[in-house]
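Below, each chain spelled out in residue letters.
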Amino acid sequence: MASHNHYDVIIIGTGAGGGTLAYHLAPSGKRILLLERGDYLPREKDNWDSRAVFIDNKYKAKESWQDKDGKIFHPGIHYYVGGNTKVYGAVLLRFRKQDFGEVKHHGGISPAWPITYEELEPYYTKAEHLYQVHGHRGEDPTEPPASAPYRYQPVSHEPRIQELHDDLVRIGHRPFHLPVGVRLDEAHREKSPCIRCSTCDGYPCLVNAKSDAQVTCVDPALEHQNVRLLTHTMVTHLETSTSGREVKKVHVERDGVPEVYSADIVVVSCGAINSAALLLRSVNDKHPKGLANSSDVVGRHYMCHNNSAMLALSKRPNPTVFQKTLGVNDYYFRSTDWEYPLGHIQMLGKSDLETLRSGAPPFAPGLALDVMAKHSIDFWLTSEDLPAPNNRVLVNKNGDITLQYTETNVEGHNRLIAKLKGMLGEIGCDSHLVPCNFYLGKKIPIAGTAHQCGTVRFGRDPKTSALDVHCKAHDLDNLYVVDASFFVSSTAVNPSLTIIGNAMRVGDHLLERIK
């Protein structure tokens, strides 16, 4: 057993939550230990190879979970410094102001948050500046008020996407430039770290030009002498004091060898599924249902969005390289013919021949796949799924994960797909939409964990929430959670910016506490 090492703060996980928090706390001079179960993602040519990334799943965790029927699946999850941000599409949208209140959906109620949009707004602004988000205020009809403009110009549309934009405007829509976190300088391309390539969304960035948590936060945090990172270090369970009121020991396996660390403050940020699993694995006499779980909500209310990746076939070729520049929120809250929210449409990274070939047999008979790849316009549709207590993370005695998930609120999503389908003829496309099954692996939705959230929800009532408004566990004095576990609803936009902004908000609270 290695010697017992004590720190001011231990942060478990280095993704959007943990990585950002480490960056925020680093200048304090306090001793901070970052624990990461993976390693740095290797920089190699396969980073940009669609076969290696999407078909061979080279960078996905070699891990098996079970669904509610006991079927084994392989989650779309990545264990690296920077977490899942290493492969995210870097679309960094704020939640809408209304998302923080109660929202009535066709499938039920999306509950109100215990904090307001205004409380998070300054941190959204800081997050956009830190993660170099490129965008333009005022284009998106649903966007919430902001205290500052984007610091970086929007990523320009390539010609076919500009045509799509103009067609959408012509038929009465208000498309907008997606806010994207890339290190791109279009005015000085020769100096720009981002080369605006075709392998961004879903791929690791070989040239470190995506604003992921490793490049943006972990690497700069490690320039401070007081911050230490251990990789290949899997936290197995947390041990409390005899009173059960504080985490005393963090038990890990580092390169397979057991070690123990301790800290005044312990922050869990392993992603919503793994954070819940860690708390559930940490049962003891004082916490018989799992750590921080007197409410019995830990692991429950798992959400991951109703997501669909769809291909439209453009009548004109689509030679676009960097396609993820346009979004549509006109149906976010309702449509003219339906009073409930439908959701959000954004572009997806451009399909290529390899990825299409992997999903080929079921669809498009007789249509040459290379023609299809040259003509595809790729869309990602997101609708809100609702928090249901039986959509949950469970662990068995061996610590193996079962993810019970049944879709909720599907009607709005189906209507969103129908809206997009109804536009196709007017935006220069064939009238068919083709599902891109390859994008999330063969099993949608259960393996698609990129937008995981909601499993350790925060709130003001300890009976119905696991965390308080500062994301501290109600049941413990020194345990915090800063990944998307704290969400009480999923909204219908990408979760990353809210995780990042909230990590800074919790960071300010911790800086006061550890003075």
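Residues numbered from 1 in each chain as written. Predicted model: local features only at pLDDT ≥ 70, side-chain atom pairs only at ≥ 80, totals over all residues. Heavy atoms only, no water.

**A word on the packing of helix α1 (residues 16-25) against helix α10 (residues 496-513)**
Relative to each other, α1 and α10 sit at 40°, their axes nearing to 8 Å. In terms of orientation, α1 and α10 fall into the oblique class. Once α1 is placed against α10, the crossing between them reads as right-handed. Along the contact surface, α1 presents Ala16, Gly17, Thr20, Leu21, His24 and Leu25, while α10 presents Ile499, Ile500, Ala503, Met504, Gly507, Asp508, Leu510 and Leu511. (Axes fitted to C-alpha atoms, helices over the stretch in contact; angles between N-to-C directions. Helix = DSSP H or I, 4+ residues; strand = E, 2+ residues; numbered from the N terminus. Parallel < 35°, antiparallel > 145°, perpendicular 65-115°, else oblique. Left-handed = near helix turned anticlockwise from the far one by under 90°. Contact = heavy atoms within 4.5 Å.)

**So, the packing of helix α3 (residues 117-130) against α10**
The axes of two packed helices give the description: the angle between them and the distance between them. Running from N to C, α3 and α10 cross one another at 110°; their axes reach a closest spacing of 8 Å. Classified by the interaxial angle, the pair formed by α3 and α10 is roughly perpendicular. Here α3 and α10 pass one another in a crossing that is right-handed. For the pair α3 and α10, the contacting residues are Glu119, Leu120, Tyr123, Tyr124, Lys126, Ala127, Glu128 and Leu130 in the first and Leu497, Thr498, Ile500, Gly501, Asn502, Met504, Arg505 and Asp508 in the second. The residue inventory of the contact of α3 with α10, partitioned by class, reads eight nonpolar, three polar and five charged. (Nonpolar A, V, L, I, M, F, W, Y, C, P; charged D, E, K, R; others polar.)

**Focus on the sheet that holds strand β15 (residues 326-328)**
Strands sit in the order β8-β15-β16-β17-β14-β20 across an open sheet of six strands; the sheet is antiparallel. Looking at which strands have only one partner, the edges of the open sheet turn out to be β8 (176-177) and β20 (429-435). Taken together, the two bridges between β15 and strand β16 (residues 344-347) define a ladder with antiparallel strand orientation. By the bridge assignment, valine 328 is partnered in β16 with isoleucine 345. The sheet strands contacting helix α4 (residues 159-170) are β14 (306-314), β15, β16, β17 (376-383) and β20, and the helix crosses β15 at an angle near 20°. Its contacts with the sheet place helix α9 (residues 410-423) against β14, β16, β17 and β20, and it is angled at close to 155° to β17. (Pairing = 2+ DSSP bridges.)

**A few points about the pattern of salt bridges**
A complete count under the given rule lists 24 salt bridges for this structure. As a salt-bridge pair, glutamate 163 and arginine 316 come within 2.7 Å of each other at their nearest N and O atoms. Note that glutamate 163 is positioned in helix α4 and arginine 316 in the loop between β14 and β15, a separation of 153 residues in sequence. Its salt-bridge partner being arginine 415, residue glutamate 411 comes within 2.8 Å of it at the nearest N-O pair. On the criterion of helical spacing, the pair formed by glutamate 411 and arginine 415 is a turn pair, its members being four residues apart in helix α9. (Salt bridge = Lys/Arg side-chain N within 4 Å of Asp/Glu carboxyl O.)

**Quick word on the confidence of the model for the protein**
Put simply, the protein has an average pLDDT of 94, and 96% of its residues get 70 or more. Low pLDDT, under 50, characterises residues 438-443; the stretch is placed with 18 contacts to residues that sit more than four places away or in other chains. (pLDDT = per-residue confidence, 0-100.)

**Some thoughts on the state of the cysteines**
Taken as a whole, this structure holds zero disulfides when the rule is applied. The cysteine cysteine 197 is free of any disulfide, with cysteine 200 supplying the nearest cysteine sulfur at 6.3 Å. Among the residues examined, cysteine 197 registers a relative accessible area of 18% and is labelled buried. Cysteine 453 takes part in no disulfide bond, and the closest cysteine sulfur to it belongs to cysteine 304, at a distance of 7.9 Å. (Disulfide = S-S within 2.5 Å. Buried < 20%, exposed > 50% of the residue type's maximum accessible area, 1.4 Å probe, protein only.)

**Brief notes about unusual backbone geometry**
Non-glycine residue asparagine 57 carries a positive phi angle of around 50°. As for its placement among the helices and strands, asparagine 57 is situated in the loop between α2 (50-55) and β3 (65-66). In the Ramachandran plot, threonine 491 falls in the positive-phi region, its phi being about 55° despite a non-glycine side chain. Position of threonine 491 among the secondary structure elements: in the loop between β21 (479-481) and α10. Taking relative accessible area as the criterion, threonine 491 reaches 1% and is therefore assigned buried.

**A short note on α4**
Look at α4: 16 Å from first C-alpha to last across twelve residues, which is about the 16 Å you get at 1.5 Å a residue. Among the residues of α4, those classed as buried are Arg160, Ile161, Leu164, His165, Asp167 and Leu168. Taken end-on, α4 shows its buried residues confined to a sector of 165°, consistent with a single buried face. When the buried face of α4 is taken as reference, the exposed residues oriented beyond 90 degrees from it are Pro159 and Arg170. Structurally, α4 contributes buried residues whose contacts are with β14, β15, β16, β17, α9 and β20. The positive-phi residue at the C-terminal boundary of α4 is glycine 172, with phi of around 95°. (Expected span 1.5 Å × (residues − 1). Arc of directions from axis to C-beta.)

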